[in-house]
Amino acid sequence: MIAISSVVFGEDVEREVLDTLRSGIVAQGPKVKKFEEKFAAMIGAKHAVAVNNGTTALGAALEIQDLQPGDEVLTSPFTFVATLNAILDAGAIVRFADISANDFNIDSVDVGLRINDRTKVLMPVHLYGQSADMSALGELADRHGLAVVEDAAQAHGATFDGQGVGTFGLGCFSFYATKNLTTAEGGMITTDDGAVADRLRVLRNQGMRARYQYEMVGHNYRMTDLQASLALPQLAVYRQQVEQRRRNAERLAMGLEDMAGLTLPRELPGRGHVWHQFTLLIDENARIDRDELSARLADAGVGSGIYYPRTAYDYDCYREHPRVVIEETPVASSVAERCLSIPVHANLTSDDVDAVVSAVRTAMGQ
Ligand SMILES: *Cc1c(COP(=O)(O)O)cnc(C)c1O
């Protein structure tokens with residue numbers, strides 16, 4: 001079976017973890033600090049604050065916006081549910097702008113139509129490893145005085161016009177097991193603002209600056225040195241891993257570009273894609289639908305993933321929620337029915353990629 005994602009730790013990671021175990025410092029300590037410094041440098045931010053997962057990264061980034069009852073956060077409906085849960089946890093109202101099928105990210109024209117007097121935060125999601133249109137979105141945020149919180153959980157190292165995602169506003173990253181970089185569970189918040197980074201560090205540690213000196217009501221959002229030990233060796237080779245993903249994406253695209261019934265993902269001009277996922281759109285008039293393609297691939301030993309089968313709000317618990325604004329997002333709804341991600345991860349051999357290509361071609365009868 002060729003899996004949709006794969007976690008392989010080398011001996012470098014084993015050594016780093018062993019080093020941490022033997023040091024006796026396993027909770028947040030020097031390795032978390034080193035990870036923060038190296039991660040900030042990689043994406044080009046001044047500060048990075050490590051937390052225990054990507055959802056708490058989003059939650060902390062929203063919490064320091066000091067949102068008032070009735071304030072709205074505008075985001076994408078085509079995302080993992082964590083984006084939505086973090087907004088609701090922060091006490092805000094969530095409104096959704098539709099996406100563009102070109103990059104699967106919120107469409108700035110639609111964002112412009114849905115901004116209103118209560119909108120306080122714009123939260124783009126850089127889905128599948130490609131940045132949203134941060135030029136148009138940044139202009140809208142400036143014009144309307146909105147804070148920008150980026151859900152960059154899938155986009156470590158992605159760029160827009162050469163600038164790293166996570167540096168356009170507050171950047172929120174995840175290191176969950178399936179992401180491009182993983183600490184099993186983990187997260188990071190990036191910012192150029194020293195005062196904001198300081199506030200986040202206190203917030204993550206029970207609101208405590210020095211021992212028993214409480215400055216605010218806080219949380220335990222700390223990452224551990226054991227987790228950071230998984231990440232440090234991965235960071236050293238991350239660029240090569242992304243290059244491997246890119247080569248795999250190019251090989252998939254070359255093998256599938258002539259196929260009827262499929263729309264292939266594209267890296268848009270000026271965007272540095274990190275290929276977290278390679279996501280096909282099955283055209284409405286194709287011979288088989290998405291679920292049939294997924295089933296046929298599974299029969300052929302090729303894993304695939306549906307990210308995501310429905311828009312985030314399309315569940316009773318959200319449709320009935322008083323702080324979720326339900327408005328149509330037709331592009332996102334259509335894409336959710338037609339998307340299928342196929343393996344692109346860095347542990348695939350070129351034979352694996354060729355096997356994925358031929359399985360897709362056979363499944364589609366071409
Ligand atoms: C993974 C993910 C998150 C949440 O991260 P966790 O570390 O699992 O809490 C948030 N948003 C998106 C788009 C994600 O893919």
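Here is what the cut-offs are and how they apply
Residues numbered from 1 in each chain as written. Predicted model: local features only at pLDDT ≥ 70, side-chain atom pairs only at ≥ 80, totals over all residues. Heavy atoms only, no water. Core = buried A, V, L, I, M, F, W, Y, C linked by side-chain atoms within 4.5 Å. Buried < 20%, exposed > 50% of the residue type's maximum accessible area, 1.4 Å probe, protein only. Helix = DSSP H or I, 4+ residues; strand = E, 2+ residues; numbered from the N terminus. Contact = heavy atoms within 4.5 Å. Near = heavy atom within 4 Å. Polar contact = N/O pair within 3.5 Å; in protein donor to acceptor, adjacent residues only side chain to side chain. Areas by Shrake-Rupley, 256 points an atom, 1.4 Å probe, with all protein chains shown as cover. Patch = residues over 30% accessible without salt bridge, like charges linked within 9 Å, V, L, I, M, F, W, Y side chains within 5 Å. Salt bridge = Lys/Arg side-chain N within 4 Å of Asp/Glu carboxyl O. Pairing = 2+ DSSP bridges. Axes fitted to C-alpha atoms, helices over the stretch in contact; angles between N-to-C directions. Right-handed = clockwise from strand over helix to strand, strands pointing away.

Q: Before we move on, can you summarise the nonpolar core with the specific residues and values?
A: Val73, Leu84, Val149 and Val324 are the most contacted members of the largest nonpolar core, which has 31 residues in total. Of all elements in the fold, only strand E1 (47-51), helix H3 (54-63), helix H4 (81-89), strand E3 (93-96), strand E4 (119-123), strand E8 (170-174) and helix H7 (194-204) reach the threshold of two or more residues within this core. For Val73, the contacting residues outside a window of four places in its chain are Leu62, Leu67, Ile87, Ala92, Ile93, Val94, Arg95, Val121 and Met123.

Q: An account of the site of the ligand is needed here, citing residue identities and associated values.
A: Inspection of the region around the ligand gives 16 residues, with Gly54, Thr55, Asp151, Ser174 and Lys179 positioned closest. Take Asp151: an N or O atom from its side chain is 2.8 Å from a nitrogen atom of the ligand. Between the ligand and the protein, one listed contact pairs an oxygen atom with a side-chain N or O atom of Lys179 at 2.6 Å. When the free accessible area of the ligand is taken as 380 Å², the share hidden by the protein chains comes to 93%.

Q: Tell me about H7, and name the residues and values.
A: Burial in H7 covers these residues: Ala197, Leu200, Val202, Leu203 and Arg204. Along its buried surface, H7 packs onto helix H2 (30-43), E1, H3, E8 and strand E9 (187-191). Regarding H7, its N-cap is Asp193, as a side-chain oxygen of that residue lies 2.9 Å from the backbone nitrogen of Ala195 further along. Gln206 occupies a position one or two residues after H7 and carries a positive phi of about 60°.

Q: How would you explain a nonpolar patch on the surface if you had to name every residue and give the values?
A: Residues Leu18, Leu21, Val26 and Leu226 make up a contiguous nonpolar surface patch of roughly 300 Å² in combined accessible area. Note on placement: Val26 falls in the loop between helix H1 (11-23) and H2. You can call Val26 partly exposed: its relative accessible area is 37%.

Q: Lay out the side chain of Gln227 with the relevant residues and their values.
A: Mapped onto the secondary structure, Gln227 falls in helix H8 (residues 225-236). Gln227 gets classed as buried once you look at its relative accessible area, which sits at 15%. In this structure the side chain of Gln227 is engaged in a polar contact, spanning 2.8 Å, whose partner is the backbone nitrogen of Thr224. Those residues in contact with Gln227, other than ones at most four positions away along the chain, are Asn52, Thr183, Glu185 and Gly186.

Q: An account of the sheet that holds strand E13 (residues 339-342) is requested, with residue identities and associated values reported.
A: Taken in spatial order, the three strands line up as E10-E12-E13 in an open sheet, and their pairing is antiparallel. If you trace the sheet from one side to the other, it starts and ends with strand E10 (262-263) and E13, each paired once. For E10 and strand E12 (residues 278-282), the ladder comprises two bridges, and the chain directions are antiparallel. The residue bridging Thr263 from the neighbouring strand is Leu281, located in E12. Lying over the sheet, helix H10 (residues 290-299) contacts E10, E12 and E13, oriented at roughly 20° with respect to E13. Sitting on the sheet, helix H12 (residues 330-338) touches E12 and E13, and the angle it makes with E13 is about 50°.

Q: I'd love a proper account of the sheet that holds strand E2 (residues 72-75), names of residues and values included.
A: Strand order across the open sheet formed by seven strands is E1-E9-E8-E5-E4-E2-E3, with mixed pairing between neighbours. Every other strand in the sheet has two partners, leaving E1 and E3 as the edge strands with one partner each. The sheet shows a mean angle of 25° between the axes of neighbouring strands, direction not considered. Where E2 meets E4, four bridges bridge the pair, whose relative direction is parallel. Bridged to Glu72 within E4 is Thr119. Set on the sheet, H2 makes contact with E1, E8 and E9; between it and E1 the angle comes to about 130°. Sheet strands touched by H3: E1, E2, E4, strand E5 (147-151), E8 and E9. Its angle to E8, the strand with the most contacts, is close to 165°.

Q: Before we move on, could you go through unusual backbone geometry and cite the residues and values that matter?
A: Following Tyr307, the chain continues into Tyr308 via a peptide bond in cis, with omega recorded as 15°. Looking at where Tyr308 falls in the secondary structure, it is placed in the loop between H10 and helix H11 (316-319).

Q: Any details on the pairing of E5? Residues and values, ideally.
A: Buried residues dominate E5, accounting for four of its five residues. Two elements, E4 and E5, share two bridges in a ladder whose sense is parallel. Across the sheet, Leu122 pairs through a bridge with Val148, a residue of E5. In this fold, E4 hands off to helix H6 (residues 134-144), which returns the chain to E5; that crossover is right-handed. Where E5 and E8 come together, three bridges link them in parallel fashion. Paired with Glu150 across the bridge in E8 is Gly171.

Worth remembering: the numbers are spatial, not functional.
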